[in-house]
Amino acid sequence: MPSDATLSLAGVRYRFPGDAAATVDGVDWAIPPGAVHCLLGRSGCGKTTLLKIAAGLIAPDEGLVRVGGAPVRGPAPRVGFVFQAPTLLDWLNVLDNVLLPVSLKRRPRAADRDAARDLLAAMGLGALAGRHPATLSGGQQSRVAMARALIGAPDLLLLDEPFAALDAITREELQDDLLRLCAARGTAALFVTHDIAEAAYLGDRVGVMAAGRLVHEGAVPLPRPRPPGIRYAAAFGAACRTLRAAMDAPSPAAGRAA
Amino acid sequence: MRPRLASVLLLVALLGAWEAWCRTGAVSVLVLPPPSSVAETLWGEIASGRLWPHLRATATEMALGLAAGTGLGLGAGILLAEWPALHRVLHPYVLASQLVPKLALGPLLILWFGFGLTPTVVITALICFFPLLENTLTGLEQVDAAKRELFRMLGASRARTLWRLKLPAALPVILAGFRVAIVLALVGAVVGEFVGGRQGLGAAIIAAQSVMDSSLILALFVVITALGMAVYEAARALESLILRRYPRG
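Criteria and cut-off values
- Residues numbered from 1 in each chain as written.
- Chains lettered and ligands numbered in written order.
- Predicted model: local features only at pLDDT ≥ 70, side-chain atom pairs only at ≥ 80, totals over all residues.
- Helix = DSSP H or I, 4+ residues; strand = E, 2+ residues; numbered from the N terminus.
- Rg over C-alpha atoms; globule rule 2.2 N^0.38 Å.
- Buried ≥ 20, exposed ≤ 12 C-beta atoms within 10 Å, placed from the backbone.
- Contact = placed C-beta atoms within 7 Å.
- Nonpolar A, V, L, I, M, F, W, Y, C, P; charged D, E, K, R; others polar.
- Pairing = 2+ DSSP bridges.
- Axes fitted to C-alpha atoms, helices over the stretch in contact; angles between N-to-C directions.
- UniProt positions renumbered as here; feature names shortened; annotations may be inferred.
- Expected span 1.5 Å × (residues − 1).
- Bend = angle between axes of the 7 residues up to and from the residue.
- Core = buried A, V, L, I, M, F, W, Y, C linked by C-beta atoms within 7 Å.
- Domains from an automatic or database assignment.
- Parallel < 35°, antiparallel > 145°, perpendicular 65-115°, else oblique.
- Left-handed = near helix turned anticlockwise from the far one by under 90°.
- pLDDT = per-residue confidence, 0-100.

### Some words on the overall build of chain A
When helices and strands are tallied, chain A shows eight helices and ten strands. In summary, chain A has a C-alpha radius of gyration of 18 Å against a globular reference of 18 Å for 258 residues, a match within 12%. Projected onto its principal axes, the C-alpha coordinates of chain A cover approximately 55 × 45 × 35 Å. When the 258 residues of chain A are sorted by exposure, 45% land in the buried category. For chain A, the proportion of contacts with a sequence separation of at least 24, taken over those separated by at least 6, is 68%.

### A closer look at the interface of chain B and chain A
In this assembly, 16 residues from chain B lie in contact with 15 residues from chain A. Those elements that provide at least two residues to the side of chain B that touches chain A are helix H7 (145-153) and helix H8 (158-196) of chain B. With six residues, H7 of chain B is the largest single contributor of residues to the side of chain B that touches chain A. Residue classes in the side of chain B that touches chain A are distributed as eight nonpolar, one polar and seven charged.

### Regarding the sheet that holds strand E7 (residues 156-160) of chain A
All names here are of chain A. Here we have six strands laid out as an open sheet, ordered E6-E7-E8-E3-E9-E10, and mixed in their pairing. At either margin of the open sheet sits one strand with a lone partner, and together these are strand E6 (79-82) and strand E10 (213-219). Averaged over all adjacent pairs, the angle separating strand axes in this sheet is 15 degrees, with direction ignored. Summarising the sheet, strand E3 (residues 36-41) and strand E9 (residues 205-210) pair through five bridges and their orientation is parallel. Across the sheet, residue glycine 41 finds its bridge partner in E9, namely methionine 209. Packed on one face of the sheet, helix H5 (residues 138-150) meets E6 and E7 and runs near 165 degrees to E6.

### Description of the sheet that holds strand E4 (residues 62-67) of chain A
Residue and element names in this part refer to chain A. The four strands are arranged E2-E1-E4-E5 in an open sheet whose pairing can be described as antiparallel. The strands lining the two open edges of the sheet, one partner per strand, are strand E2 (24-31) and strand E5 (70-71). Summarising the sheet, strand E1 (residues 7-14) and E2 pair through six bridges and their orientation is antiparallel. The residue bridging valine 12 from the neighbouring strand is valine 27, located in E2.

### Observations regarding the environment of alanine 234 of chain A
All names here are of chain A. With respect to the element layout, alanine 234 can be found in helix H8 (residues 234-248). Judged by local crowding, alanine 234 falls into the exposed class, with 7 C-beta atoms found within 10 Å. As for alanine 234 and phenylalanine 83, which are separated by 151 residues in sequence, their C-alpha atoms are 32 Å apart.

### Structural notes on the UniProt feature "domain: ABC transmembrane type-1" (unreviewed entry) in chain B
In the numbering adopted here, UniProt assigns the feature "domain: ABC transmembrane type-1" (unreviewed entry) to residues 55-235 of chain B. Counted over residues 55-235 of chain B, helix gives 87% and strand 0%. Its end C-alpha atoms are 19 Å apart.

### Some details on helix H4 (residues 84-99) of chain B
All names here are of chain B. When the terminal C-alpha atoms of H4 are compared, their 22 Å separation across 16 residues agrees well with the 22 Å that a helix rising 1.5 Å per residue should span. Remark: the principal bend of H4, roughly 50 degrees, maps to leucine 90, with a proline, proline 92, within the next four residues. Of all the 16 residues making up H4, zero are buried; the element is thus mostly uncovered.

### A short note on the nonpolar core
Grouped together as the largest cluster of nonpolar side chains are 123 residues, with contacts concentrated most on Ala54 and Leu158 of chain A. Top element by residues in this core is helix H6 (residues 117-141) of chain B. It accounts for 14 residues. No fewer than three residues from each of domain 1 (1-78 + 156-252) and domain 2 (88-153) of chain A sit in this core. Filtering out sequence-adjacent residues up to four positions away, leucine 158 of chain A remains in contact with Leu51, Ala54, Ala55, Val79, Phe81 and Leu190 of chain A.

### Side note on the UniProt feature "transmembrane region" (unreviewed entry) in chain B
Residues and elements named next belong to chain B. When the UniProt feature table is mapped onto this chain numbering, "transmembrane region" (unreviewed entry) sits at residues 62-83, 104-133, 169-195 and 216-235. A distance of 22 Å separates the end C-alpha atoms of residues 104-133, which is 83% helix and 0% strand. Counted over residues 216-235, helix gives 100% and strand 0%. Its end C-alpha atoms are 29 Å apart.

### Describing the packing of H5 of chain A against helix H6 (residues 168-185) of chain A
Residues and elements named next belong to chain A. Put simply, H5 and H6 touch, their axes get as near as 10 Å, and they point 15 degrees apart. Between H5 and H6, the crossing angle belongs to the class labelled roughly parallel. The handedness of the crossing between H5 and H6 comes out as right-handed. Here Gly139, Ser142, Arg143, Met146 and Leu150 of H5 lie close against H6, whose contacting residues are Thr170, Leu174, Asp177, Leu178 and Leu181. The class makeup of the residues in the contact of H5 with H6 is five nonpolar, three polar and two charged.

### Some remarks on the domain arrangement of chain A
Residues and elements named next belong to chain A. As assigned here, chain A comprises domain 1 (1-78 + 156-252) and domain 2 (88-153). Relative placement of domain 1 and domain 2: their C-alpha centres are 25 Å apart. Contacts between the two partners involve eleven residues from domain 1, matched on the other side by eleven residues from domain 2. Examining the composition of the side of domain 1 that touches domain 2, we find that six residues originate from one element, H6, more than from any other.

### Thoughts on the pairing of E1 of chain A
Bridge count for E1 of chain A against E4 of chain A is five bridges, and the pairing is antiparallel. If you follow serine 8 of chain A over to E4 of chain A, its bridge partner there is arginine 66 of chain A.

### Concerning the confidence of the model for chain A
All names here are of chain A. When pLDDT is averaged along chain A, the result is 91; 96% of the residues meet or exceed 70. The spread of mean pLDDT over the elements of chain A runs between E5, the lowest at 91, and helix H2 (residues 94-98), the highest at 97. When the criterion is pLDDT under 50, residues 254-258 qualifies, and its contacts beyond four places in sequence or with other chains add up to six contacts.

### Quick notes on the confidence of the model for chain B
Residue and element names in this part refer to chain B. Within chain B, residue pLDDT values average 91, and 99% of them lie at 70 or more. Averaged pLDDT values for the elements of chain B fall to 87 in helix H5 (residues 106-113) and rise to 95 in helix H3 (residues 51-82). Of the two predicted TM-score estimates for the complex, the pTM is 0.86 and the ipTM is 0.89.

Now the structure itself:
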């Protein structure tokens, strides 16, 4: 386990009270600084729970989580989290939503507001800073949620299927936005998804989860940054096929309720 | 505009029918005065200035009772929502307090506070308490779990989460409770005056009854209805002003 990893999970195990089987069953994982990793799996395979353990929202029964080398014992301050739904506050405008992580701790300064405006501009939302979430499209709301997660310049971004509800074109645009921002800021990311193509496009490495265990992991053999049109290249199809095969392979725990 | 016009026309038709029926002499003026006589009485009350002290008294009781009931209901709702254990212990008592007909407490409240403003304010406050409590509880318990998790992720304290997330998120539900309370407040104030008021529209109705002035009773009824509609519309306007940033639905 490299000690300089931005996120490291060692022997993480968690069982929901009352459940027969562990939801997360002995997972080891490490993300070096600036890398984007994906966790791929079917619904109910434990990937969201693993992400919440990494975030410090759930304390594991066993194992150790470290962010930037320090053990995690509660919601980690240098970590940004993007939820499945945008979870924007309807009564705040876009700028105040992005500033929420700051305004919960102290009064935002001019520098904070500038940082938020820069983030919104980088996402193509510069003109919408004064609007309210209900007036935005789904893709715009997801972008605001991403900007909110990035406002504290976190070392690590944890994303829980944030684009699952969006149409295909918008989803691809947001994937590009995410990769661009992470690369520009050197932010590491752990991205949870059930979409094989999304995992192959975003991840430097992809881990496949089934029934709480990692059943496959490997680097994605595609150039970084992803060239335009790579989604239609043969190499991309091959990478997707590999992941699909890993998802279909019978795992030791196969047959358990997913 | 068309439905509103239809409403007005219906009112005119009903009043016309009432007036015509009274003029046939089929019913004694003492029992049912015609609308023209009610309007005359109402105008007399307004012009002579006799109406204003009563209107002021009822409005004051309503405002004080509403303020006290709203404050207590909101506070108790927050308390019970934040401490579910307390909620479980107190819930039967809260329910019982609402099932007691509060007007039946009137004689007791008069014993405690004397005749006049105070017992009516207390009755009004008791009536307003429940919708605020109930809606505050419901609103606070409905807050989206993902948003609560977001606040946890951002390291927000419990008080911060309440102030910055739960109360704003519950505001539409709380304001709907307030709208109910404001209607009940008028009922509470008027009926409270029946029991123990010296002044106010309810007390004036009792006084009119004792001299069998049915025309005055109906005139006061018109005033009470107008007062109720005015405060209800004011509450609605306030609500849409406060909630203008919230999504509709």
